[in-house]
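The primary structure of each chain is shown beneath.
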Amino acid sequence: METSLPNHSPRLAGAERDQLATPADVAAHLGVPVKSLYQWKYRGIGPSVHKVGRHLRYRWREVDAWLDAQTSYDLTA
């Protein structure tokens, strides 16, 4: 029985968003260099990151929650 690997697109929707994301996926989604994610991890200011073996992975819901928390401007003024 053959199994297929999930599509690792930075703009996933629905159930596919439950997949873990690589730093490259998150960087593409946020429009920042991967190096920024590593710096944010080191400084403790970025989205939550998890180690899977020796690899870093992100949960999309945590990335979205972190991104929502970054909104500090009142755009209605």
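Undergrad: Would you explain helix 3 (residues 60-69) in this entry?
TA: Along an α-helix, residues three or four positions apart point the same way, because every turn accommodates 3.6 residues. The complete set of buried residues in helix 3 reads W60, V63 and W66. Taken around the axis of helix 3, the buried residues stretch over an arc of 125°, which confines them to a single face. What points out from helix 3, more than 90 degrees from its buried face, is the exposed set R61, D68 and A69. Buried-residue contacts for helix 3 involve strand 1 (20-21), helix 1 (23-30), helix 2 (34-43) and strand 3 (55-59).

Undergrad: I'm lost on the nonpolar core in this one. Help?
TA: When a protein is soluble and globular, its nonpolar side chains tend to lie buried together. Listed in full, the 10 residues of the largest apolar core are A21, V26, A27, L30, L37, W40, Y58, W60, V63 and W66. Elements represented by at least two residues in this core include exactly helix 1, helix 2 and helix 3. Apart from residues no more than four positions distant in its own chain, W66 is found in contact with L30, W40, I45, G46 and P47.

Undergrad: I'm lost on the pairing of strand 3 in this one. Help?
TA: Only one face of strand 3 is covered, namely the face carrying L56 and Y58; the face carrying H55, R57 and R59 is uncovered. Sheet topology note: the strand 1/strand 3 ladder contains two bridges and is antiparallel. If you follow L20 over to strand 3, its bridge partner there is R59. Note: strand 2 (residues 50-52) against strand 3, three bridges, orientation antiparallel. Looking at strand 3, one finds that H50 is bridged to R57. What sits between the antiparallel neighbours strand 2 and strand 3 is a turn of two residues, in which G53 has the positive phi angle 65°.

Cut-offs and rules
- Residues numbered from 1 in each chain as written.
- Predicted model: local features only at pLDDT ≥ 70, side-chain atom pairs only at ≥ 80, totals over all residues.
- Heavy atoms only, no water.
- Buried < 20%, exposed > 50% of the residue type's maximum accessible area, 1.4 Å probe, protein only.
- Helix = DSSP H or I, 4+ residues; strand = E, 2+ residues; numbered from the N terminus.
- Arc of directions from axis to C-beta.
- Contact = heavy atoms within 4.5 Å.
- Core = buried A, V, L, I, M, F, W, Y, C linked by side-chain atoms within 4.5 Å.
- Pairing = 2+ DSSP bridges.

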